[in-house]
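A closer look at the structure
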Amino acid sequence: MTPEELATVGLRYDLAGPVATITLDRPEVRNAQTPAMWRALRDLGGQLPESVRVVVVTGAGETFSAGLDKAMLDPRAAGGDTETVAGLLAGTDEEISATIEVYQQGFTFLRDPRFVSIAAVRGYAVGAGFQLALSCDLRVVADDAQFCMKESALGLVPDLTGTKPLVEAVGHARALEICATARMVGAEEAVRIGLAQASVPAGGLDGAVAQLAGALTAPLPDAVRETKKLLQGAADRDLDEQRRLEREAQVRRFREIARISSRS
């Protein structure tokens, strides 16, 4: 996608060596998200070059993302170019589900083992904003960060792929409590319960993320990719299957290192 196309839906994309940065760029509405943004994220995710090893997701201004754009909830907008809940409900159950699946693809690309994804969160990460942060492998937060899964307060459920990584990060009971109460989770608690890897002063967030990105790009590329693949499914495999996959991955790594050494 071109910079102009991304700007139209409130996104910005920057590439610096092996690090790609995707910025939600609608600070005037606290980086509220829209279906058009989710579709663009899906397309952008499919176009990332093979050289990218780290993807940083952040928000412009002082808020990561306040969640769903309220315009999507306005029935008066139905029938125009804006995708709304009212327009969504005009379809069959199967059509609604298929549309939500497309929206979800704007989040799932961040789990691609080709790279490690980092959410750099300052301010509020609410609803869709929380789920976008959860879609990333790692979360580094400013000390003013506030997470909230707002959906239950609206009579809805989180449907943008956030439930599985939330359970993986904090466990079933804590995830249920966070979702069902729609309460705020601050930066200190987020680190303490495993939701975030680190909390830093707001002015130091960009530097902390840059330092982490540098550490992640230091090893050989395929070593990190193989490790991410091994860890992603580990909880769902038995030990024998995981051991087998470790052995196979290690054989590939030994062969690759031998090839590199033979050229030097």
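Scoring rules and cut-offs
- Residues numbered from 1 in each chain as written.
- Predicted model: local features only at pLDDT ≥ 70, side-chain atom pairs only at ≥ 80, totals over all residues.
- Heavy atoms only, no water.
- Pairing = 2+ DSSP bridges.
- Helix = DSSP H or I, 4+ residues; strand = E, 2+ residues; numbered from the N terminus.
- Axes fitted to C-alpha atoms, helices over the stretch in contact; angles between N-to-C directions.
- Contact = heavy atoms within 4.5 Å.
- Buried < 20%, exposed > 50% of the residue type's maximum accessible area, 1.4 Å probe, protein only.
- Expected span 1.5 Å × (residues − 1).
- 1 Å grid on protein atoms, 1.4 Å probe; cavity = no way out; pocket = protein on both sides within 12 Å on 5 of 7 lines; lining within 4 Å.
- Points joined across faces, edges and corners; volume = space filled by probe spheres on them.

Here we look at the sheet that holds strand β6 (residues 138-142)
One open sheet holds the six strands; their spatial order is β1-β2-β3-β4-β6-β9, and the pairing between them is mixed. Each end of this open sheet is capped by a strand with a single partner; those strands are β1 (11-16) and β9 (198-200). Strand after strand, the sheet turns through a mean of 20 degrees between neighbouring axes, direction not considered. Pairing analysis gives six bridges linking strand β2 (residues 19-24) to strand β3 (residues 54-59), with the strands arranged parallel. Bridge pairing in β3 places Val19 opposite Val54. Its contacts with the sheet put helix α5 (residues 128-135) on β2, β3, β4 (116-121) and β6, and the angle it makes with β4 is roughly 145 degrees.

A short note on unusual backbone geometry
With a phi close to 55 degrees, Asn31 is a non-glycine residue in the positive phi region. With respect to the secondary-structure elements, Asn31 resides in the loop between β2 and α2 (35-46). Judged by its relative accessible area of 0%, Asn31 is buried.

Concerning helix α10 (residues 221-232)
Counting along an α-helix, one turn takes 3.6 residues, and residues three or four places apart therefore face a common direction. Here α10 is twelve residues long and its end C-alpha atoms lie 17 Å apart, about the 16 Å a rise of 1.5 Å per residue gives. Among the residues making up α10, those that are buried are Val224, Arg225, Glu226, Lys228 and Leu230. Looking at the buried residues of α10, the elements they touch are β4, α9 (205-216) and α11 (239-263).

Let's talk about empty space enclosed by the protein
Evaluation of the coordinates by the stated rule reveals one cavity of 30 Å³ or more. The computed volume of the largest cavity comes to approximately 50 Å³. Forming the boundary of the largest cavity are Arg53, Pro113, Arg114, Phe115, Val116, Leu216, Pro221, Val224, Arg225 and Lys228. For the lining of the largest cavity, the element with the most residues is α10, which contributes four residues.

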